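Each chain, letter by letter, is given below.
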Amino acid sequence: MDRAAPHALRKGPGTVSMINNKEGYGALTKLFHWLIVILFALQYIGANIMTRIEWEDTFAGLSQAFYYNWHKSLGLVALGIAVFRLANRYMGRLPDWAPTLTNGEQRFIHRSEQVLYFAMFFMPITGYLYVMSGGYGVMLFGIWQLDNPIGKWPEMEFVTKWMHIVCAWVLLAGILGHLGVVLRHQFIVKDGLIKRMLPGRG
Ligand code: HEM
Ligand code: HEM
């Protein structure tokens, strides 16, 4: 499976590039990748806290409202990063496949990357549509109340809420599959695949 983008930008071997090239992922891809990993981890942890405690309860000294505000706010930050990440992916060209990946793994990685990119947009957009159509709104970082361009719309609220929740758990399976490939290469194949996504020239 050829990974070259039509508008390929190349750099010499051994150099660290801001964008992807034939030899490896660029610094921006790595930065966006790990920022999204951190934000998604916070989203899953925070969501499970906020949906399990009562309105008047606290967890680790923080109120349910705090968790909701930060879940919504960090989700929108993740959406912003996803926009830059997607644009960055279309610059340069994807690196060649790691030589240790089987054909089956290449196909799996290709499809799972599409699912992960889709989810990076679908999760925040459904979350946003849900809270706006439900009339709950977004208090960005507990400070700024965002305008609600939708207003109360119960059908939309119902559909987007369940899309958000179902996609969250389907996505988790995708992330675990993605992680599974990396862990298999780390501990069984022992080819250090993860270095391709770490700072420096992996
Ligand atoms: C990176 C993006 C996001 C991820 C990964 C994410 C993930 C999750 C997860 C795992 C849940 C718990 C699902 C369950 O109940 O089992 C959840 C719930 C929720 N999310 Fe998000 N979310 C994201 C973005 C957003 C955004 C941007 C908003 C709103 C602006 C939002 C609003 C909500 C709300 C209100 C709930 C509670 C749903 C309920 O009533 O049970 N989320 N989210
Ligand atoms: C601890 C969790 C994770 C680890 C250890 C990890 C590791 C990696 C590694 C090593 C690669 C490079 C694979 C290659 O050789 O081509 C990669 C690529 C990728 N990962 Fe992850 N990943 C994790 C979580 C995530 C999450 C949560 C997402 C998105 C929601 C994600 C999205 C992607 C995408 C889209 C690529 C392809 C490169 C790109 O275009 O950005 N990863 N990951």
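By the naming in an unreviewed UniProt entry, the chain goes by Cytochrome b and is assigned to Pontivivens ytuae. Turning to the chain, the UniProt annotation filed under Sequence similarities (unreviewed entry) states: "Belongs to the cytochrome b561 family." Under Cofactor (unreviewed entry), UniProt gives the following word-for-word description of the chain: "heme b".

Overview of the overall build of the chain
Assigned secondary structure in the chain consists of four helices and four strands. Walking the chain from its N terminus toward its C terminus, one meets helices and strands in the order α-β-β-α-α-β-β-α. Dimensions of the chain, computed from C-alpha atoms along their principal axes, come out at roughly 55 × 35 × 30 Å. When the 202 residues of the chain are sorted by exposure, 39% land in the buried category. Pairs at least 24 residues apart make up 67% of the contacts formed inside the chain by residues separated by at least 6 positions. Summing over all exposed atoms, the chain offers an accessible surface of approximately 11800 Å²; the carbon and sulfur share of this is 71%.

Structural notes on the site of ligand 1
The immediate surroundings of ligand 1 are formed by 24 residues, with Ala47, His71, Tyr130, His164 and Trp169 found nearest. In this structure, histidine 71 approaches ligand 1 through a side-chain N or O atom, which is 2.8 Å from a nitrogen atom. One nitrogen or oxygen atom from the side chain of histidine 164 is found 2.8 Å from a nitrogen atom belonging to ligand 1. In this structure, ligand 1 is accommodated by the second largest pocket. For the shell around ligand 1, the secondary structure elements donating two or more residues are helix 1 (27-50), helix 2 (64-89), helix 3 (103-133) and helix 4 (154-189). Residues that form the shell around ligand 1 fall into these classes: 16 nonpolar, six polar and two charged.

A closer look at the environment of phenylalanine 121
Examined against the element boundaries, phenylalanine 121 turns out to sit in helix 3. Here phenylalanine 121 falls in the partly exposed class, since its relative accessible area comes to 22%. For the pair phenylalanine 121 and asparagine 148, spaced 27 residues apart in sequence, the C-alpha to C-alpha distance is 19 Å. In this structure, phenylalanine 121 is in contact with Leu79, Ala82, Val83 and Leu86, ignoring residues within four places of it in sequence.

Quick look at the UniProt feature "domain: Cytochrome b561 bacterial/Ni-hydrogenase" (unreviewed entry) in the chain
Listed under "domain: Cytochrome b561 bacterial/Ni-hydrogenase" (unreviewed entry) in the UniProt record, and renumbered for this structure, are residues 25-200. In residues 25-200, helix accounts for 66% and strand for 5%; the two terminal C-alpha atoms are 10 Å from one another.

Examining the coordination of the iron atom of ligand 1
Coordination of the iron atom of ligand 1 by the protein involves His71 (NE2) and His164 (NE2), with metal-donor separations of 2.0 Å. Geometry at the iron atom of ligand 1 is octahedral, judged from the six donor atoms that bind it and their angles of 88 to 179 degrees at the metal. Residue histidine 71 is located in helix 2, and its partner histidine 164 is located in helix 4; the two are separated by 93 residues in the primary sequence. With respect to burial, histidine 71 and histidine 164 carry one shared label: buried.

Here we look at the nonpolar core
Ile36, Phe40, Met120 and Leu171 are the most contacted members of the largest nonpolar core, which has 17 residues in total. Dropping the residues within four chain positions of it, phenylalanine 40 is found in contact with Met120, Leu171 and Ile175. Counting residues in each nonpolar core, the second largest holds six residues, with Trp97, Leu101, Ile109 and Leu193 among its members.

Here's the deal with a nonpolar patch on the surface
On the surface, Phe158, Val159, Trp162, Met163, Ile165, Val166, Trp169 and Val170 cluster together to form a nonpolar patch covering roughly 780 Å² of accessible area. Along the polypeptide, isoleucine 165 turns up in helix 4.

Concerning the layout of surface pockets
Taken as a whole, the largest pocket spans an internal volume of roughly 830 Å³. Taken together, 36 residues make up the lining of the largest pocket; nearest its centre are His33, Val37, Leu116, His178 and Val182. Of all the secondary-structure elements, those providing two or more residues to the lining of the largest pocket are helix 1, helix 2, helix 3 and helix 4. Residues that form the lining of the largest pocket fall into these classes: 26 nonpolar, five polar and five charged.

Each value, and the rule that gives it
Residues numbered from 1 in each chain as written. Chains lettered and ligands numbered in written order. Predicted model: local features only at pLDDT ≥ 70, side-chain atom pairs only at ≥ 80, totals over all residues. Heavy atoms only, no water. UniProt positions renumbered as here; feature names shortened; annotations may be inferred. Helix = DSSP H or I, 4+ residues; strand = E, 2+ residues; numbered from the N terminus. Buried < 20%, exposed > 50% of the residue type's maximum accessible area, 1.4 Å probe, protein only. Contact = heavy atoms within 4.5 Å. Areas by Shrake-Rupley, 256 points an atom, 1.4 Å probe, with all protein chains shown as cover. Near = heavy atom within 4 Å. Polar contact = N/O pair within 3.5 Å; in protein donor to acceptor, adjacent residues only side chain to side chain. 1 Å grid on protein atoms, 1.4 Å probe; cavity = no way out; pocket = protein on both sides within 12 Å on 5 of 7 lines; lining within 4 Å. Sits in = over half its atoms within 2 Å of the grid points. Nonpolar A, V, L, I, M, F, W, Y, C, P; charged D, E, K, R; others polar. Donors = N, O, S within 2.8 Å, 3.2 Å for Na, K, Ca; no water. Tetrahedral: all angles 85-135°; square planar, octahedral: opposite > 155°, others 65-115°. Core = buried A, V, L, I, M, F, W, Y, C linked by side-chain atoms within 4.5 Å. Patch = residues over 30% accessible without salt bridge, like charges linked within 9 Å, V, L, I, M, F, W, Y side chains within 5 Å. Salt bridge = Lys/Arg side-chain N within 4 Å of Asp/Glu carboxyl O. Points joined across faces, edges and corners; volume = space filled by probe spheres on them.

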